Amino acid sequence: DRYRLYHLERAKAGVALTMTAGSAAVSKDSPPVFNNVLAYKDEVVPWMRRIADDCHEAGAAVMIQLTHLGRRTRWDKGDWLPVLAAGPAREPSHRAFPKVIEDWDIARVIQDYADAAERMKEAGLDGVEFECYGHLMDQFMSPLTNALPAPYGGSLENRMRLLLDVTDAVRAVWPADKPLSVRISAVDGIDGGWSVE
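Scope of this entry: the structure provided in the associated data block. Counting restarts for each chain: residues are numbered from 1 in the order of the written sequence. Local features in this predicted model are restricted to residues of pLDDT 70 or higher, and side-chain atom pairs are both shown and tallied only at a pLDDT of 80 or more, whereas totals for entire chains, interfaces and linings draw on every residue. The side-chain figures draw on all heavy atoms in the structure; neither hydrogens nor water molecules are used.

As a further point, take the overall build of the chain. Elements are defined by DSSP. Helices are runs of H or I of four residues or more, strands are runs of E of two residues or more, and each kind is numbered from the N terminus. On a plain count of helices and strands, the chain comes out with 6 helices and 6 strands. Along the chain, helices and strands appear, N-terminal first, in the series α-β-α-β-β-β-α-β-α-α-α-β. On the principal axes, the C-alpha backbone points of the chain span a range of 50 × 35 × 30 Å. Per-residue accessibility, obtained with a 1.4 Å probe over protein chains only, is compared with the maximum for each type, and a residue is labelled buried under 20%, exposed over 50%, and partly exposed between these values. Within the span of the chain, comprising 197 residues, buried residues form 46% of the whole. Long-range pairs, those at least 24 residues apart, make up 68% of the contacts in the chain between residues at least 6 apart in sequence. Here, two residues are considered to be in contact whenever any of their heavy atoms come within 4.5 Å of each other.

As C-alpha cells, this is what we get:
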C-alpha cells in the first residue's frame, strides 16, 4: 500500500507516466534481492491493478519494468534455485556462482516473460519495459558475459536473440496499441565489452 500511495502521489502531482517496479522479476529463479515485485505470481495482479486504477483516476499512465536478474542476484534468496547466466562469470556485487543457462531454461524464461506480460495486461497497465542493463538480457548481449555457443552466443545477432525472442513472445500477448520498450545500456564500459559501434 505504501508503494501504491507513492505512485498515486506522483500521479496527483501531474506526472503523465509513472514507471513501477524497477525490477519486477518474471521467473521464480530470479529471486528478489532488491525487494522486487514478483511478476511471476498470479497474486501480483490485484495489487498492480490497484496501482493502475488509482493512477489512472489521477490522470497518469502506468508502466512496469519486467526483468530476469540472471546472475545479478544471490543464491540464498527466494526459493534457493540456481542463479542463471549466459556464462560462468560471477557478478561483482552479489557474487553468486551462476549456472550456465541451458536451452530448456531459455525456453522457459521466454515464456515467463510472456506470462508476466499477460498478468500486467490483466492488471490494466499501460506499457511494459524490459530492463536490459546488468540483468539477464544484457548478460546475453555482452561478449564479456556471454559464453554460449550459437544460436544465443557468438555474433552480436546471436547475443541479441534472447531479447528478440522475448519481444516476439510478449508482443504475441501484449496489446498492439500499448507500448513495449527496452531500457538498455549501449556500452559495457570495460575493454572487450560491447560499444555503441
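Here a helix's expected span is defined as the number of its residues, less one, multiplied by 1.5 Å. Here helix H1 (residues 2-13) is 12 residues long and its end C-alpha atoms lie 17 Å apart, about the 16 Å a rise of 1.5 Å per residue gives. The set of residues buried in H1 consists of Arg4, His7, Leu8 and Ala11. Across the axial projection of H1, the buried residues extend over an arc of 105°, all falling on one side. In H1, those exposed residues whose orientation departs by more than 90 degrees from the buried face are Arg2 and Ala13. Against the buried residues of H1 lie strand E1 (17-25) and helix H2 (44-57). Downstream of H1 by a residue or two, Gly14 has a phi angle that is positive, lying close to 115°. Note that the arc is computed from the directions linking the helix axis to the C-beta atoms.

Here we take up the packing of aromatic side chains. Working definition: an aromatic ring pair is given by the centre-to-centre distance plus the angle between the planes. Pairing of aromatic rings covers Phe, Tyr and Trp, the last counted by its six-membered ring, and requires centre-to-centre distances within 6.5 Å; plane angles under 30 degrees mean stacked, over 60 mean edge-to-face, and any other angle means tilted. The final tally for this structure, using the stated rule, is 2 aromatic pairs. For the ring pair Tyr113 and Phe130, a centre distance of 5.5 Å and an interplane angle of 85° mean the geometry is edge-to-face. Here Tyr113 is found in helix H3 (residues 103-122), whereas its partner Phe130 is found in strand E5 (residues 127-132), with 17 residues between them in sequence. Comparing Tyr113 with Phe130 shows no difference in burial state: the two are buried.

Here the idea is simple: oppositely charged side chains can pair when their charged atoms come close. Salt bridge, as applied in this entry: a Lys or Arg side-chain nitrogen positioned within 4 Å of an Asp or Glu carboxyl oxygen. In this structure the tally under the stated criterion is 13 salt bridges. Its salt-bridge partner being Lys12, residue Glu9 comes within 3.6 Å of it at the nearest N-O pair. Taken together, the positions of Glu9 and Lys12, both in helix H1 and 3 residues apart, correspond to about one turn of that helix. Residue Arg49 pairs with Asp53 through a salt bridge whose shortest N-O separation is 3.5 Å. Taken together, the residues Arg49 and Asp53, both in helix H2 and 4 residues apart, mark about one turn of the helix. The partly exposed category is assigned to Arg49, whose relative accessible area is 33%. Three or more residues joined by partner-sharing salt bridges are found here, namely Asp29, Lys99, Glu102, Asp105, Arg108 and Asp112.

Whether parallel or antiparallel, the strands of a sheet pair through hydrogen bonds between backbone atoms. Spatial ordering of the open sheet is given by E1-E2-E5-E6, a layout of 4 strands whose pairing is parallel. Strands with a single pairing partner mark the edges of an open sheet, and in this sheet they are E1 and strand E6 (180-184). Looking at each pair of strands side by side, their axes are set apart by 25° on average, direction ignored. By definition, two strands form a pair when at least two bridges between them are found by DSSP. Two elements, E5 and E6, share 5 bridges in a ladder whose sense is parallel. Across the sheet, the residue bridging to Phe130 is Val182, located in E6. Between N-to-C directions, angles cover 0 to 180 degrees, with each direction set by a line fitted to C-alpha atoms, over the stretch in contact for helices. Taken strand by strand, H3 contacts strand E2 (61-67) and E5, and its axis lies near 160° from that of E2.

From the geometry alone we can't say anything about function, so treat these as descriptive.
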